[in-house]
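Residue strings, one per chain:
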Amino acid sequence: MKLTKGFWQTYKEVPNDAVVPSHQLMLRAGLIHRSATGLYSDLPMGLRVLQKIEQVVRRELNRIDCYELTLPVVTSAELWKQSGRWATFGNEMLRLTDRSGREFCISPTCEEPIVALFSKTVRSYKQLPVTLYQIRTKFRDEIRPRYGVMRAREFNMKDAYSFHIDPDSLRETYQEIYQAYERIFNSLGLEFIVVEADGGTMVDGDAKTHEFQVLANSGEDRVIRCTSCGYAANIEKAKSKRSNVEFDQSQQELELVSTPGRQTIEAVGEYLKIKPECSLKSLLYSSVSGTGADATEEIALLLLLGDDELNEIKLKALLGGDHIAPLSDGAIEALGLHKGYIGPAQLPESAQSRLRVIFDIAIEKDVSYVVGANQVDYHFRGYVPTRDGEGQWADLRLARSSDRCDSCDHSVEEICGVEVGHIFELGQKYTESMGVTVLNQQGKAVNPYMGCYGLGVGRTMAAAIEQNHDQHGIIWPVEIAPYHLYFALISKSDEINQLGVEIYQQLVDAGVEVLFDDRKAGPGMKFKDADLLGLPLRLVLGERDYKESGKLELRQRKSGQSLEVSPKELLPTIKRLLGELRGE
RNA sequence: CGGAGCGUAGCGCAGUUUGGUAGCGCACCUCGUUUGGGACGAGGGGGUCGGAGGUUCAAAUCCUCUCGCUCCGACCA
């Protein structure tokens, strides 16, 4: 491509609404354009990157017998009502009504449409297993879109769905896709880890899911990883043990102590001169199931060590409701409890009968803690869970970087990642709710098993930039660079200009993807643009040097290494360097 | 949805406190000189100051409402 005929504009200044490097660089390098919050145009230069990512995805999926198709972007409410997700998806789903009042949504994901399609076309186990995928626009009306295309509302996702007659077949395909994802992200030159994750509203209960996390400081996801055995999980899901702490082993009587105005763990700890982990944090959460008149509410009193935090994802999984939220101040008072002084001991009648009490398993059962006394300005000292309390025990706490691995006892670390892929063993959730069956070998109708496998194309581009840039700009891995070579022409002589055009044409004919900077601009500007855009190689034909030595300069963006090359050696040298950069 | 902040030319910003003919840098256009790390000179185009209403002789500036955007939080495959 010749820049004199191109549609490409770069920017010297950082737009003030971009905070992470990938977003800033994508805007500055003219890859994307913001249209509205969470809505972006992919400009020609950016689109080439996205298409290259898609190419790699297609190559690896086709290789394991996945078939590409497209489903409609706008889908009927009927489908979503069948599975129940018309209600549970909530405001994240962008809904529309057509001229005759029928309801639709812009698909946030496509389990329902694919299941509907499947049910109309597959009758027999002989047609299974099968894996179908598409790469299409999805829309999720995120409460807070941010970081450019990293968390956009409209985005392009590769979503694959597999169907199976039994769980073994599902596991087999899941494994194949898992490996294909590893090949995809390796091909793209990304450093990533695979972690255990929570399935959210996608799955029922404790179904198996894995996330592919590209390591990046600006990643929104927090991952807990064992430094020894390799265990890694999203913090939402992570199980880990606390490092040893010194508890108060004395088991005195339960003693009411005055703590005037002390409402926080910190304030109480300071006042009574105890460490935060020697008190118990009492949280009240409401879990609601169903909607409208059918809604049922359960209220839970959660006890955690004073310096631990609640993992709401774990809590939600435990309570099983559709929606959980901290109890409002008003609702707390209505139970006869007082914020800042809530505790598990001597609960008022009004609360006792309504509360489900749950202790976090990190709490030692036979040591003494300070807890709220359910009276304003008082706490209890000497609360011993097994002696004074009654309730369920469960894993509720949020893992921390100071923890130890649950299985091998080594220390864990917390790292940040960008979730570029997420794969799920869905099981029969959708085929059951939507009443889909196939005939098995015995001629009996059974609900097939499903898996689904997402991969964010735009997010992968952003993650690649997060991981590959420096102060001057992007440094594209060869596989996804919009072009291979930035060819800057620095000359005002017709003869050299003509030579530049010829070299450009030869390279293009030989299959090199060349961005030819034939603009009438100074060398400084061309070099700055080349660094900003970050193509793997930069070729310079300069009048001064060429007339002197008959050579061009070929420079690698990543290493900064450069070579003097004659026109004759050019093509083989470029091919060799690109091969090296690909790791061949 | 709660908290904070911002809307002035394509981008980055000043001007708003104290009302008085809308500015600067970059980018863009023309001519000339330049050509190895964002060149220089001269000339030029572009904004009903987010929108509506109000106060005033006079509003980017003061008041009311409204829309949009960003950040933090809550929420959320």
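Higher on the page you've got the structure.
Anyway, here's the lowdown on the structure attached to this text. (Residues numbered from 1 in each chain as written. Chains lettered and ligands numbered in written order. Predicted model: local features only at pLDDT ≥ 70, side-chain atom pairs only at ≥ 80, totals over all residues. Heavy atoms only, no water.)

Residues Leu31, Phe185 and Trp476 are the most contacted members of the largest nonpolar core, which totals 64 residues. The leading source of residues in this core is helix 6 (residues 167-187), at eight residues. Beyond its immediate stretch of four places on either side in the chain, Trp476 contacts Leu31, Val49, Met461, Ala464, Ile465, Ala481, Pro482, Leu533, Gly534, Leu535 and Pro536. One finds Leu79, Cys110, Leu426 and Met450 within the second-largest nonpolar core, a separate group that totals 31 residues. (Core = buried A, V, L, I, M, F, W, Y, C linked by side-chain atoms within 4.5 Å. Buried < 20%, exposed > 50% of the residue type's maximum accessible area, 1.4 Å probe, protein only. Helix = DSSP H or I, 4+ residues; strand = E, 2+ residues; numbered from the N terminus. Contact = heavy atoms within 4.5 Å.)

Let us now look at the pairing of strand 30 (residues 514-517). Going residue by residue along strand 30, you find Val514 and Phe516 tucked away on one face and Leu515 and Asp517 tucked away on the opposite face as well. For strand 29 (residues 485-490) and strand 30, the ladder comprises four bridges, and the chain directions are parallel. Within strand 30, the residue paired with Leu485 across the bridge is Val514. Regarding the hand of the β-α-β motif, the stretch spanning strand 29, helix 14 (residues 494-509) and strand 30 is right-handed. (Pairing = 2+ DSSP bridges. Right-handed = clockwise from strand over helix to strand, strands pointing away.)

This part covers the layout of surface pockets. Taken as a whole, the second largest pocket spans an internal volume of roughly 390 Å³. Gln263, Lys281, Ser282, Leu283 and Gly340 are, among the 22 residues lining the second largest pocket, the residues nearest its centre. Those elements that provide at least two residues to the lining of the second largest pocket are helix 7 (265-272), strand 15 (280-289) and strand 19 (369-375). For the lining of the second largest pocket, the element with the most residues is strand 15, which contributes six residues. (1 Å grid on protein atoms, 1.4 Å probe; cavity = no way out; pocket = protein on both sides within 12 Å on 5 of 7 lines; lining within 4 Å. Points joined across faces, edges and corners; volume = space filled by probe spheres on them.)

In this model, Leu128 is joined to Pro129 through a cis peptide bond whose omega is -5°. Structurally, the position occupied by Pro129 is in the loop between helix 5 (111-121) and strand 7 (130-139). One non-glycine residue, Asn374, adopts positive backbone phi at about 60°. With respect to the helices, strands and loops of the structure, Asn374 is situated in strand 19. Note on Asn374: relative accessible area 8%, which makes it buried. Positioned with a positive phi, Asp377 is a non-glycine residue whose angle comes to about 70°. Summarising the element assignment, Asp377 is placed in the loop between strand 19 and strand 20 (378-383).

The next subject is the sheet that holds strand 30. Read across the sheet, five strands follow the order 30-29-31-32-33 without closing on themselves; strand pairing throughout is mixed. The open sheet terminates on both sides in strands that have one partner only, identified here as strand 30 and strand 33 (562-565). Strand after strand, the sheet turns through a mean of 20° between neighbouring axes, direction not considered. Examined bridge by bridge, strand 31 (residues 537-542) and strand 32 (residues 552-556) share four bridges and lie antiparallel to one another. Considered in strand 32, the bridge of Val540 is made with Glu553. (Axes fitted to C-alpha atoms, helices over the stretch in contact; angles between N-to-C directions.)

Quick look at the packing of aromatic side chains now. Across all of its chains, the model carries 13 aromatic pairs by this definition. Centre to centre, the rings of Tyr178 and Phe212 are 5.5 Å apart; their planes meet at 70°, and the pair counts as edge-to-face. Remark: Phe212 occurs in strand 10 (residues 209-215) and Tyr178 occurs in helix 6; sequence separation between them is 34 residues. With a relative accessible area of 0%, Phe212 lands in the buried category. (Phe/Tyr/Trp six-rings, centres within 6.5 Å; stacked < 30°, edge-to-face > 60°.)

Here the focus is the sheet that holds strand 6 (residues 103-106). The pairing of strands in a sheet comes from backbone hydrogen bonds and takes either a parallel or an antiparallel form. Spatial strand order, 4-6-5: three strands in an open sheet with antiparallel pairing. The sheet is open, and its two borders are formed by strand 4 (74-76) and strand 5 (94-97), each paired with just one other strand. When strand polarity is set aside, the average angle formed by the axes of neighbouring strands in this sheet is 35°. In this sheet, strand 6 lies alongside strand 5 in antiparallel orientation, the contact comprising four bridges. When the sheet's bridge partners are listed, Thr97 is paired in strand 6 with Glu103.

Here we come to the side chain of Ser107. With respect to the helices and strands, Ser107 occurs in the loop between strand 6 and helix 5. Overall, the relative accessible area of 1% leaves Ser107 in the buried class. The residues contacting Ser107, other than those within four sequence positions of it, are Pro72, Val73, Thr75, Trp80, Thr137, Lys138 and Phe139.

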